[in-house]
Amino acid sequence: QRYSWSIHCFRFESRVDFDEIPSWHENLLQTCPEGIIITLVGNKCDLPRKIEYDVCAKWAKDNNCNYMEVSAYSGHNIKNIFFNMVQEVHKKAKV
């Protein structure tokens with residue numbers, strides 16, 4: 001069986017990026033296969049943020065997405081994005 005996975009990535013320092021996520025998400029759902037695994041990724045977690053964790057986590061939960069915070073600069077959680085994806089595929093394969 002095949003699985004699809006997508007990352008919605010935004011910068012914590014940009015409210016504009018976060019506000020565009022619903023549009024990206026809707027486009028993705030219209031063009032990708034049902035059951036796609038989607039991870040919302042907040043980047044630059046090592047810098048001051050304009051979007052709080054609770055807002056991001058709630059959006060992800062409400063839209064059936066996983067949520068992670070990363071720093072591309074320091075490498076924090078970068079590998080975990082991919083480990084998480086593999087775990088989600090294994091969960092779907094068991095169903």
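Everything below is about the structure shown above.
Bear in mind the structure is a predicted one, so any value in this text is a computation, not a measurement.

Caption draft 1: Local environment of helix 1 (residues 15–31). Helix length check: helix 1, at 17 residues, gives a terminal C-alpha distance of 25 Å against a target of 24 Å (1.5 Å per residue), a fit within 8%. Of the residues making up helix 1, those classed as buried are Asp 17, Phe 18, Ile 21, His 25 and Leu 28. Where helix 1 is buried, its residues meet strand 1 (5–11), strand 2 (37–43) and helix 2 (53–62).

Caption draft 2: Region of the structure containing the pattern of salt bridges. Applying the stated criterion across every chain, the model contains 7 salt bridges. With a closest N to O distance of 2.5 Å, Asp 62 and Lys 58 form a salt bridge. Of this pair, Asp 62 and Lys 58 both sit in helix 2, 4 residues apart, which is roughly one turn of that helix. The pair formed by Asp 62 and Lys 58 is uniform in burial state, with each residue classed as exposed. Of the charged contacts in the structure, one is a salt bridge between Glu 88 and Lys 91, with a shortest N-O distance of 3.0 Å. Remark: Lys 91 and Glu 88 occur in helix 3 (residues 78–94); sequence separation between them is 3 residues, near one turn of the helix. In this structure, a network of salt bridges that share partners links the residues Arg 11, Glu 13, Asp 17 and Lys 44.

Caption draft 3: Seen up close, the nonpolar core. Membership of the largest hydrophobic core comes to 14 residues, with the highest contact counts inside it found for Phe 10, Phe 18, Ile 21, Leu 40, Cys 56, Trp 59 and Tyr 67. Elements represented by at least two residues in this core include exactly helix 1, strand 2 and helix 2. Discounting residues that sit within four places of it in the chain, Phe 10 has contacts with Asp 17, Phe 18, Ile 21, Leu 40, Val 41, Gly 42, Asn 43, Ile 51, Cys 56 and Tyr 67.

Caption draft 4: Spatial organisation of the pairing of strand 3 (residues 66–70). With 5 of 5 residues buried, strand 3 is to be regarded as a mostly interior element. Of the two faces of strand 3, the one lined by Asn 66, Met 68 and Val 70 and the one lined by Tyr 67 and Glu 69 are each fully buried. Judged from the 5 bridges that link them, strand 2 and strand 3 form a sheet pairing that is parallel. Bridged to Val 41 within strand 3 is Met 68. Traced from strand 2 through helix 2 to strand 3, the parallel crossover comes out right-handed.

Caption draft 5: Fine view of helix 3. With 17 residues, helix 3 should reach 24 Å at 1.5 Å per residue; the first-to-last C-alpha distance of 26 Å fits that figure. Burial in helix 3 covers these residues: Ile 81, Asn 84 and Glu 88. Relative to the axis of helix 3, the buried residues are bounded by an arc of 65 degrees and lie together on one face. In this structure, helix 3 carries Lys 79, Phe 83 and Lys 94 as exposed residues pointing more than 90 degrees from its buried face.

About the thresholds
Residues numbered from 1 in each chain as written. Predicted model: local features only at pLDDT ≥ 70, side-chain atom pairs only at ≥ 80, totals over all residues. Heavy atoms only, no water. Helix = DSSP H or I, 4+ residues; strand = E, 2+ residues; numbered from the N terminus. Expected span 1.5 Å × (residues − 1). Buried < 20%, exposed > 50% of the residue type's maximum accessible area, 1.4 Å probe, protein only. Contact = heavy atoms within 4.5 Å. Salt bridge = Lys/Arg side-chain N within 4 Å of Asp/Glu carboxyl O. Core = buried A, V, L, I, M, F, W, Y, C linked by side-chain atoms within 4.5 Å. Pairing = 2+ DSSP bridges. Right-handed = clockwise from strand over helix to strand, strands pointing away. Arc of directions from axis to C-beta.

As far as function goes, none of this settles anything; it's purely spatial.
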